[in-house]
Amino acid sequence: MSGAPAGGGPPAPRGSPGRDRTKLRADGILLALTLVCLAGGTGLRLAGERTAADALWSAAALLALAVTLGAIVASLRERRFGVDLLAALALAGAVAAGEYPAAAVIAVMVATGRLLESWAASRASSDLRRLLQHAPQVVHRYEEGTLSSPPLGAVAPGDLLLVKPGEIVPVDGRVASTRAVVDMSPLTGESLPVELSADDLVESGALNAGDAFDLRAIATAADSTFEGIVRLVRDAMAERPPFVRMADRVAVWFIPFTLVIAGIAWLVSGSASRAVAVLVVATPCPLILAAPIAMVAGLSRTARSGVVVKGGAVLERLAGTRVMVLDKTGTVTRGQPRVTDVLAAPGEDPAEVLRLAASLEQTSPHVLASAVLRAALDRGLPVTWPEKMREVLGSGTSGTVDGHEVRVGGADWLGAGRRSWTRQARRRSELDSLMTVYVEVDSNLAGAILLEDPIRPDAARAIRELRGAGVHRVVIASGDRQSVAETVGAALGVDEVLAERSPEDKVESIRLERQGGTTVMVGDGVNDAPALAAADVGVAMGARGASASSDAADVVLQVDSLDRLVQALRIARRSRRVAWQSVTAGMTMSVAAMVVAAFGLLPALYGAILQEAIDVVVILNALRALAVPGTRVALSPSEATVGRRIAEEHVLLRPQLAQIRATADALGSLDPAATRERLESLERFLTDVLLPHEDMEQVEFYPVVARLVGGEDPIGPMTRAHVEIRHLVSLFSRIASEIGEDGPDEDERRDLRRVLYGLDAVLTLHFAQEDEGYLSIVPESLTAGEAKE
């Protein structure tokens, strides 16, 4: 039997961290006093001082009774009816029946229960305490060539700031220096420093782990990532899970049931002691303690995994997920798009179209905005800071750049009709599965920017693991064209693709999916805010800025990886399963003890001791929710380094692989000199870059994969692919070396195309298999410390 504050409330804190610590100290004092009374009374009884012993035991019981009555009053004020009433009846009944030793033991049990719940609440609020200790404190702003130190709240988008070594990034912004090195561990748990280049996004709360760097603010402090995460954690602390509130609902029928059993035992036996014994073992402590502790343990585990869950209610809903709806861009794709081409309307300059678009997109946190800005800077285009910038949810952005009214967004929003050059852009994007962003300048459609965004290497495996974790249906909902979205969906093996969906359409789709069970929507937290709010659980993946603080987001994945979504789902399911196991086992033992006590076979004193033992067993079982479910085989630091190196090389090699197919396409359309130059350049890439990469994989990484995967020859198929790649490169080199001064003849062009198209197909499949099957073993955020955790 244990006391539950406010009628069986959860251990999730409902106040500030300071209030939690105060309550923890108070409950510790209560336990100490009851233990002193119990021990003192026992000593007096052994010394023959019966009256003094009974008085001391009664004092312990009355002290615990007063605290319990206070909890009952508090719960009634909140219009809740909890099982604390049973604890109060057991304490009062034991004293009234003269069962003073049992009353003292019950008092210790009540105090122990309260202390355990306070400890769990303190554990939960410790995440917020650590977060607040890392809050940005100092700001250095450039003002007319000098540095000032304004209040944090005075920073506005567009301000140029200086972040000194060891300081915390005060607001979300873009690196305005050549490079920066930041420690993201307070936000993502990734302990290795991250190196950033000019114009890369950096989030508030990150620690400058390198030299001082300049930062161009893109948000106020209130709209930045750090403050958003703090708000999410505070919301989580105020939430009461339905599973925990079930204790109050159970009390409605369990209390009358207990009183009936106790009354029958009293009437049949004529002994009030039997009724007291029934009350002693009757309180459903497993329901009061096990469920809250398991859910708090789950929240703690997800927090350490870089996932902020907005309370136990969200964790419980997440555990029941049956339908998973995924946004495409930035969720199942890498979220690191690259501009491949800029198509300008007749009379427009492609470079100017890109410059204006990039200038406007500087303030947007969307992944496509970063790609457009990066492309302009790589081309050496001078971007300027926009004015009157406004972002239209799910459509695009608008503002003033150098006196021009500029809008950047989708075809429907800008009215990109069937003009000849827009048809060309549409065909190009459909053939190569590219995304298209249109640019309007002074109310005239000026151009289209084509971008590619490869599928995440871990996406297909993550979707398979989601299905293995109990998800029955996986859907992609995207604003992209049907052809692009279906290509991605087919590669990932999802159940349905919903393309060309506006934010309103996504909301309606979510409502339909919810008819099939608990539905989770995963998006970037900006354009998908309405859909996130419409789902049972909204997950913002790698959210930044205002998106992290949006009321629409129930869960924020602070690490931009689908692995964390799978891990969060597994933790949620494990927490719920452990809670149910603890509740079922504990309640069964309590009811059995009630029956035994009703027949007079379990005196009140021994019943109290037995109930305490049941509590301990149930609590220890509930703490199993702290374990990490589905932990992968550990990588050594050196193995993790090799895996990350290969993954980084894959990212660099993919754009270069495109020249294989491009060279095959160009054969016959170039003059002999240009053809030879093209073939020689491709041969240098294949022999000097690609083949050494494949050799390094074979020697350094494949043995690691073989150890992790296990079985007989797990890398056989991939080794065979290496052999085929080397063979095709050799064929290409031999044919290219035989081409004369007049360029390739028809037969040579045909053979070259066959070899190059074959090589392109093999490499595309080979890279995809390595990314999905092998390199996904090495999470992006894995560090040496995590590898051995």
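Refer to the structure above for everything that follows.
Residues numbered from 1 in each chain as written. Predicted model: local features only at pLDDT ≥ 70, side-chain atom pairs only at ≥ 80, totals over all residues. Heavy atoms only, no water.

Caption draft 1: A look at the nonpolar core. Counting residues in each nonpolar core, the largest one holds 55 residues, and the members touching the most others are Leu 91, Ile 106, Val 280 and Val 281. Ranked by size, the runner-up nonpolar core spans 39 residues in total, among them Leu 299, Met 324, Val 332 and Val 537. (Core = buried A, V, L, I, M, F, W, Y, C linked by side-chain atoms within 4.5 Å. Buried < 20%, exposed > 50% of the residue type's maximum accessible area, 1.4 Å probe, protein only.)

Caption draft 2: Structural detail: the pairing of strand S16 (residues 435-441). Within S16, seven of the seven residues are buried, leaving the element largely enclosed by the surrounding structure. Burial of S16 is two-sided: the residues Met 435, Val 437, Val 439 and Val 441 facing one way and the residues Thr 436, Tyr 438 and Glu 440 facing the other way are all buried. With four bridges connecting them, strand S15 (residues 404-409) and S16 associate as antiparallel partners. Across the sheet, the residue bridging to Val 406 is Val 441, located in S16. Once S16 ends, the chain turns through two residues before running back antiparallel as strand S17 (residues 444-452), passing Asp 442 with a positive phi of about 50 degrees. (Helix = DSSP H or I, 4+ residues; strand = E, 2+ residues; numbered from the N terminus. Pairing = 2+ DSSP bridges.)

Caption draft 3: How the structure looks around the sheet that holds strand S6 (residues 194-197). The three strands lie next to each other as S6-S5-S8, forming an open sheet whose pairing is antiparallel. Either end of the sheet is taken by a strand with one partner, and the two such strands are S6 and strand S8 (207-208).

Caption draft 4: Structural detail: the side chain of Glu 697. Take Glu 697: it is sitting in helix H24 (residues 672-709). At 3.1 Å, the side chain of Glu 697 and the side chain of His 722 are in polar contact. In this structure, Glu 697 is in contact with Ile 646, His 650, Tyr 702, His 722, His 766 and Glu 770, ignoring residues within four places of it in sequence. (Polar contact = N/O pair within 3.5 Å; in protein donor to acceptor, adjacent residues only side chain to side chain. Contact = heavy atoms within 4.5 Å.)

Caption draft 5: The sheet that holds S17, seen in detail. Strand order in this open sheet of six strands is S12-S17-S16-S15-S14-S13, and the pairing throughout is antiparallel. The open sheet is flanked by strand S12 (338-344) and strand S13 (387-392), the only strands paired with a single partner. Geometrically, the sheet is characterised by an average inter-axis angle of 20 degrees between neighbouring strands, direction not taken into account. In this structure, S13 lies alongside strand S14 (residues 396-401), joined through four bridges in antiparallel fashion. The residue of S14 that forms the bridge with Arg 390 is Ser 398. (Axes fitted to C-alpha atoms, helices over the stretch in contact; angles between N-to-C directions.)

Purely spatial values, then, with no claim about function.
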